[in-house]
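Coordinate inspection notes
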Amino acid sequence: MGLVGSLFSFIVFLSCLIAVCGQGTRIGFYSTTCPNAETIVQTTVTSHFASDQKIAPGLLRMHFHDCFVQGCDGSVLISGPNTERTAGANFNLRGFEVIDDAKTQLEAACPGVVSCADILTLAARDSISLTKGQSWQVPTGRRDGRVSLATNVNNLPSPSDSVDVQKRKFAAFRLNTRDLVALVGGHTIGTAACGFFTNRIFNTTGNRADPTMDQTFVPELQRLCPLNGDASSRADLDFGSGDTFDTSFFNNLSRGRGILQSDQVLWTNPTTRSIVQEFIASKDSFNVQFARSMVKMSNIGVKTGANGEIRRVCSTVN
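Remember, it's a predicted structure, so these values are computed and weren't measured experimentally. (Residues numbered from 1 in each chain as written. Predicted model: local features only at pLDDT ≥ 70, side-chain atom pairs only at ≥ 80, totals over all residues. Heavy atoms only, no water.)

1. Regarding the overall build of the protein
Helices and strands together make up the secondary structure of the protein, namely 13 helices and 2 strands. Here the C-alpha radius of gyration of the protein, 20 Å, is about what a compact globule of 318 residues would show, namely 20 Å. A principal-axis box enclosing the C-alpha atoms of the protein has dimensions of 60 × 55 × 35 Å. In the protein, which comprises 318 residues, the proportion classed as buried is 50%. Accessible surface, the protein: about 14,200 Å² in total, of which carbon and sulfur atoms supply 54%. Computed over 29 positive and 27 negative side-chain charges, the inter-centroid distance for the protein is 4 Å. (Helix = DSSP H or I, 4+ residues; strand = E, 2+ residues; numbered from the N terminus. Rg over C-alpha atoms; globule rule 2.2 N^0.38 Å. Buried < 20%, exposed > 50% of the residue type's maximum accessible area, 1.4 Å probe, protein only. Areas by Shrake-Rupley, 256 points an atom, 1.4 Å probe, with all protein chains shown as cover. Lys, Arg positive; Asp, Glu negative; His and termini not counted. Charge placed at Lys NZ, Arg CZ, Asp CG, Glu CD.)

Shown next as structure tokens:
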């Protein structure tokens, strides 16, 4: 084959690893069938973001919840009794109207071509760009699933998960420890309901807080989330920088200012702490790993070719 041929094959191999060629998705899938597809999604997300910046973390979280249940097939978008949207873990998902808006425009431009699963995947990427994160190329070509059951929403990471439990849940989808830390780093944007962490800032007597927390930070959280207060009130997961995609989230973990227990243990556990330290030291390292991990995650259990369908309306099967 020769040196040049070997080098070319190696480059192609690396490209396939990044784009997950074996899954059937590829960069530029709609370049001939709907060349403006990505622009239409980006413009739609940007428009909604201009009126409500919380749409960005909402779309990112929705994509995550879609992929971890039945794969990245847009099943979380289907509405109706006993669908994934009705599961407790999905009660507060937001951004459905953004996906519906983009789908309406895409159906007008290219009827029956662009899947809802791809729209959600692209919208999640665009949300990172809008919050000052680094963009990346998204392999597309997913088809939409026809099944959405609340009973399948049973393996999403929990705010109380240990590192070992999180590792098992991510490993089930061939996501490694670096992927885990990078993807949890998506918490640099977004909020959490008080009910998910009041147990850390109050114990049963209502006084002592989790000793792994910065004790000077606790009173501020207690003011935001008083004992016996509204459990649905929310606080930024990346305190002080909740609207910007950056490495402040990891800095907060190093200071004992992680809001969720599942976030803070990434610092207290030595198997993940070194990765957190790496991301603190280099924003570029975090951005590159986050993009790589998002591409891997977005190819979990995708339906391509003759599998699935292209929904005409994202909230219902054809």
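Here the narrative resumes, following the displayed structure.
2. Re unusual backbone geometry
Positive phi values are uncommon outside glycine, yet Gln 70 reaches one of about 70°. With relative accessibility at 39%, the residue Gln 70 sits in the partly exposed group.

3. Concerning the side chain of Ser 298
Inspection of the secondary structure assignment puts Ser 298 in the segment after α13 (283-297). One polar contact links the side chain of Ser 298 to the main-chain carbonyl oxygen of Val 295, over a distance of 3.0 Å. Apart from the residues lying within four places of it in its own chain, the contact partners of Ser 298 are His 63, Cys 67, Cys 72, Thr 121 and Arg 142. (Polar contact = N/O pair within 3.5 Å; in protein donor to acceptor, adjacent residues only side chain to side chain. Contact = heavy atoms within 4.5 Å.)

4. What to know about the packing of aromatic side chains
To describe a pair of aromatic rings, one takes the distance between the centres and the angle between the planes. The full count for this structure, using the stated rule, is 14 aromatic pairs. Of the aromatic side chains, those joined through ring pairs into one cluster are Trp 136, Phe 245, Phe 249, Phe 250, Phe 279, Phe 286 and Phe 290. It is Arg 85 that lies over the ring of Phe 96; its NZ or CZ is 3.7 Å from the centre. (Phe/Tyr/Trp six-rings, centres within 6.5 Å; stacked < 30°, edge-to-face > 60°. Lys NZ or Arg CZ within 6 Å of the ring centre and 35° of its normal.)

5. A word on the environment of Lys 303
Relative to the helices and strands, Lys 303 is located in the segment after α13. The class of Lys 303 is partly exposed, set by a relative accessible area of 22%. Through-space distance from the C-alpha of Lys 303 to that of Thr 25 is 9.2 Å; in sequence the pair is 278 residues apart. Those residues in contact with Lys 303 that lie beyond four places of it in its chain are Gln 70, Asp 73, Gly 141, Arg 142, Arg 143, Asp 144, Gly 145 and Gly 308.

6. Describing the state of the cysteines
This structure, assessed with the given rule, holds 4 disulfides. A sulfur-sulfur separation of 2.0 Å characterises the disulfide bridge that pairs Cys 67 with Cys 72. Of note, the bridge from Cys 67 to Cys 72 carries an S-S torsion of about 120° and is right-handed in sense. With a relative accessible area of 0%, Cys 67 lands in the buried category. The class of Cys 72 is buried, set by a relative accessible area of 0%. Counting only the cysteines that take part in disulfides, in the order they occur along the protein, gives the pairing 1-4, 2-3, 5-8, 6-7. (Disulfide = S-S within 2.5 Å.)

7. Structural notes on the side chain of Thr 140
Positionally, Thr 140 belongs in the loop between α5 (116-130) and α6 (163-171). Once you skip the residues sitting within four places of it in the chain, Thr 140 turns out to touch Thr 25, Arg 26, Ile 27, Gly 28, Phe 29, Tyr 30, Asp 118 and Leu 122.

8. Examining the packing of helix α7 (residues 177-184) against α13
Interhelical geometry of α7 versus α13 gives an angle of 105° and a closest axis separation of 9 Å. What the angle tells us is that α7 and α13 run roughly perpendicular. Every residue of α13 that contacts α7 at Arg 178, Asp 179, Ala 182 and Leu 183 is listed here: Ser 285, Phe 286, Gln 289, Phe 290, Ser 293, Met 294, Lys 296 and Met 297. Split by residue class, the contact of α7 with α13 holds 6 nonpolar, 3 polar and 3 charged. (Axes fitted to C-alpha atoms, helices over the stretch in contact; angles between N-to-C directions. Parallel < 35°, antiparallel > 145°, perpendicular 65-115°, else oblique. Nonpolar A, V, L, I, M, F, W, Y, C, P; charged D, E, K, R; others polar.)

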